[in-house]
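Descriptive analysis of the structure
This is what each chain is made of:
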Protein chains: 2
Amino acid sequence: MNTFSEENYLKSIFRLSQMPDVKKISTSAIAESLGNNPASVVDMIRKLSDKQLIEYDKKKGVKLTPQGQKDAIQIVRKHRLWEVFLLEKLGYRWDEIHDIAEELEHIKHHDLADRLESFLEYPEYDPHGDPIPKANGKMAKSFSASLADGKVGNTYRVAAVRDTSSSFLQYLHKLEISIGTQIRLIEQITFDQSLVISINNAEPTTVSSKFGENILIS
Amino acid sequence: MNTFSEENYLKSIFRLSQMPDVKKISTSAIAESLGNNPASVVDMIRKLSDKQLIEYDKKKGVKLTPQGQKDAIQIVRKHRLWEVFLLEKLGYRWDEIHDIAEELEHIKHHDLADRLESFLEYPEYDPHGDPIPKANGKMAKSFSASLADGKVGNTYRVAAVRDTSSSFLQYLHKLEISIGTQIRLIEQITFDQSLVISINNAEPTTVSSKFGENILIS
DNA sequence: TTATAAAATTAGGTAAACCTAATTTTATAA
DNA sequence: TTATAAAATTAGGTTTACCTAATTTTATAA
């Protein structure tokens, strides 16, 4: 079994490996994503390599082994299922659930994820639009196209969010954006790639390119 | 905030303080109840004293301060609420829920216990018959009379169990005893205090005195 | 190519929460 | 009361998961 901390590393490596533009997972990228010092990451890379959960090559960076991938997916599965539970059953807001799920995802017990999944009636996506892995590890492909990649003039449906921090989600809440919202891309400012958008056909609003990159569309 | 480990000590001290016959909570009693070495307990007693969560006097043993008591009760509250959830919503068996709740009880988040309690429709007792503390810390008195204290000839209702280990609960399952079961005390063997009982008016069975002490009656 | 910056690593250290073994204190029984 | 057993404590050690500071390696730009 993996410790709490090992699980967090596996999850973080998995997340990085899912990001479309990332080809090499570096020590510093992991450090950044976990808020740890790179020296600590080096320690953990050694530990996870010894446990054969990752492979490390100075050139190619970190890669999950099949077992590491399996373990990581089970944590992601639990995280996303708990998020559904917190939102749907306990009535938490969108921006509150991530942090609680970060703790709940580490609870290990035979069957817990499966029972939770059944209790929640087999949800396909979590409240942020991320696909929930099945018990066998299979999962739908994540949405990857962002609003920043959209074509001016087109209207898109918000399918998921890339950033799940409460500051971003609270901002979305203020803009009345949630999963399913229709957004029309009116203009892309050449100077700084800011986006002028219309949310649910309302008056145009301007948002940053960083914002646009964190909205995934379908 | 208290660490995982501090919380376990507080809970254990609270549990010991609730036991009717215990007047002094000793280093070794805590060590025993947590399965730790007494030397470790000494370390933690110092730590919790510094944090003003307990008071320690060589003569009087360990006592929770008002704050310590408050913290302990909140953990017990969460433990018992999660047990109800696991049994009623996820369909776990009686003997499976304790260990999972041992992990879930440490999840801290503003409101979590309150929301869970509301979702479960304000249960008064957990599946082992223990009262669930309210948000304000108030709780019904635990059942304290055990079957071993019963009078020969009388019939009692199983109100709670003292031991929540899976081995005990599986034994109860085998004997078809659960909360609410009627037990008639037929005879108490003088030699070793074994009890001859009739469960739901069935044929007499003999159980040990240890068994009897772990069945709480009303 | 070489200087410089960035990334990775090493060396050594800390805090938490355990442990064992040895010692001291306290309680119990002859 | 004194011997012995039990309980409590101290001293010192381990592991996990972090850290900082220094150094080495690798990448990038002049």
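Residues numbered from 1 in each chain as written. Chains lettered and ligands numbered in written order. Predicted model: local features only at pLDDT ≥ 70, side-chain atom pairs only at ≥ 80, totals over all residues.

This next bit is on the overall build of chain A. Broken down by element type, chain A carries eight helices and seven strands. Taken over the C-alpha trace, chain A has a radius of gyration of 19 Å; the compact-globule value for 218 residues is 17 Å, and the two agree within 12%. Counting only C-alpha atoms, chain A reaches 55 × 45 × 25 Å along its principal axes. Here chain A holds 218 residues, and 33% of them are scored as buried. Put simply, of all contacts in chain A between residues at least 6 apart along the chain, 54% involve residues at least 24 apart. (Helix = DSSP H or I, 4+ residues; strand = E, 2+ residues; numbered from the N terminus. Rg over C-alpha atoms; globule rule 2.2 N^0.38 Å. Buried ≥ 20, exposed ≤ 12 C-beta atoms within 10 Å, placed from the backbone. Contact = placed C-beta atoms within 7 Å.)

Each side of the interface is counted separately: chain B has 12 residues, and chain A has 12 residues. Within the residue set of the side of chain B that touches chain A, elements represented by two or more residues are helix H5 (97-104) and helix H6 (112-119) of chain B. Sort the elements by how many residues they give to the side of chain B that touches chain A and H6 of chain B lands first, with four residues. Classifying every residue of the side of chain B that touches chain A by side-chain character gives seven nonpolar, two polar and three charged. (Nonpolar A, V, L, I, M, F, W, Y, C, P; charged D, E, K, R; others polar.)

The subject of this paragraph is the protein's contact with DNA strand C. With respect to spatial proximity, 19 residues lie near DNA strand C, and among them Ser26 and Ser28 of chain A together with Thr3, Asn37 and Ala39 of chain B are the closest. If you list the elements that add at least two residues to the surface near DNA strand C, you get helix H2 (27-34) and helix H3 (38-50) of chain A together with helix H1 (4-18) and helix H3 (38-50) of chain B. With five residues, H3 of chain B is the single largest residue contributor to the surface near DNA strand C. Among the residues forming the surface near DNA strand C, the class breakdown is six nonpolar, eight polar and five charged. (Near = placed C-beta within 6 Å.)

We now examine the relation of the copies chain B and chain A. Expressed as a screw transformation, the operator carrying chain B onto chain A has a rotation angle of 180° and an axial translation of 0.0 Å, and the superposed copies differ by an RMSD of 0.1 Å. A rotation of that kind, with that shift, is consistent with a two-fold axis. Identified as the residue of chain B closest to the rotation axis by C-alpha distance is leucine 104 of chain B, at 3.7 Å. Interface overlap between copies: 100% of the residues of chain B at the interface are likewise at the interface in chain A, consistent with a symmetric, same-surface contact. (Least-squares fit on C-alpha atoms with pLDDT ≥ 70 in both.)

Residue and element names in this part refer to chain A. Spatially, E6-E5-E4-E3-E7 is the arrangement adopted by the five strands of the open sheet, whose pairing is antiparallel. The open sheet has two edge strands, strand E6 (204-207) and strand E7 (215-217), and neither has a second partner. Here the strands of the sheet are splayed against their neighbours by 50° on average, with no regard to which way each runs. (Pairing = 2+ DSSP bridges. Axes fitted to C-alpha atoms, helices over the stretch in contact; angles between N-to-C directions.)

This brings us to the protein's contact with DNA strand D. In the region of DNA strand D, 17 residues are neighbours, and Thr3, Asn37 and Ala39 of chain A together with Ser26 and Ser28 of chain B sit closest. Of all the secondary structure elements, the ones that give two or more residues to the surface near DNA strand D are helix H1 (4-18) and H3 of chain A together with helix H2 (27-34) and H3 of chain B. Take the surface near DNA strand D: its biggest share by element is four residues, from H3 of chain A. Split into classes, the residues belonging to the surface near DNA strand D amount to five nonpolar, eight polar and four charged.

This chain's UniProt record puts "domain: HTH dtxR-type" (unreviewed entry) on residues 1-65 of chain A. The annotated region residues 1-65 of chain A carries 55% helix and 12% strand content, and the separation between its end C-alpha atoms amounts to 16 Å. (UniProt positions renumbered as here; feature names shortened; annotations may be inferred.)

Pairing of strand E3 (residues 155-161) of chain B with strand E4 (residues 182-188) of chain B, which is carried by three bridges, proceeds in the antiparallel orientation. Counterpart to arginine 157 of chain B in the pairing with E4 of chain B is glutamine 182 of chain B.

A word on the sheet that holds strand E7 (residues 215-217) of chain B. Residue and element names in this part refer to chain B. Strand order across the open sheet formed by five strands is E6-E5-E4-E3-E7, with antiparallel pairing between neighbours. On the outer flanks of this sheet lie strand E6 (204-207) and E7, each paired with one strand and no other. Direction aside, the axes of adjacent strands within the sheet are offset by 50° on average.

All right, on to the confidence of the model for chain A then. Summary statistics for chain A give a mean pLDDT of 95 and a share of 100% for residues scoring 70 or more. In the predicted complex, the global pTM is 0.93; the interface-specific ipTM is 0.91. (pLDDT = per-residue confidence, 0-100.)

This part covers the pairing of strand E5 (residues 195-199) of chain A. All names here are of chain A. Where strand E4 (residues 182-188) lies against E5, five bridges are found, and the strand directions are antiparallel. Bridge pairing in E5 places leucine 185 opposite isoleucine 197. Note: E5 against E6, four bridges, orientation antiparallel. Along E6, the bridge assignment pairs serine 198 with proline 204. Counted along the chain from E5 to the antiparallel partner E6, the turn is four residues long, and its residue asparagine 200 has a positive phi close to 50°.

For helix H5 (residues 97-104) of chain A, every residue scored as buried is listed here: Ile97, His98, Ile100, Ala101 and Leu104 of chain A. For H5 of chain A, the angular spread of the buried residues around the axis is 165°, confining them to a single face. Residues of H5 of chain A that are buried sit in contact with helix H4 (66-89) of chain A together with H6 of chain B. (Arc of directions from axis to C-beta.)

Compared with an ideal rise of 1.5 Å per residue, which puts 15 residues at 21 Å, H1 of chain B spans 21 Å between its outermost C-alpha atoms and is within 8% of the ideal. Looking at the packing, one finds that the buried side of H1 of chain B touches H2, H3, strand E1 (54-57), strand E2 (61-64) and helix H4 (66-89) of chain B. (Expected span 1.5 Å × (residues − 1).)

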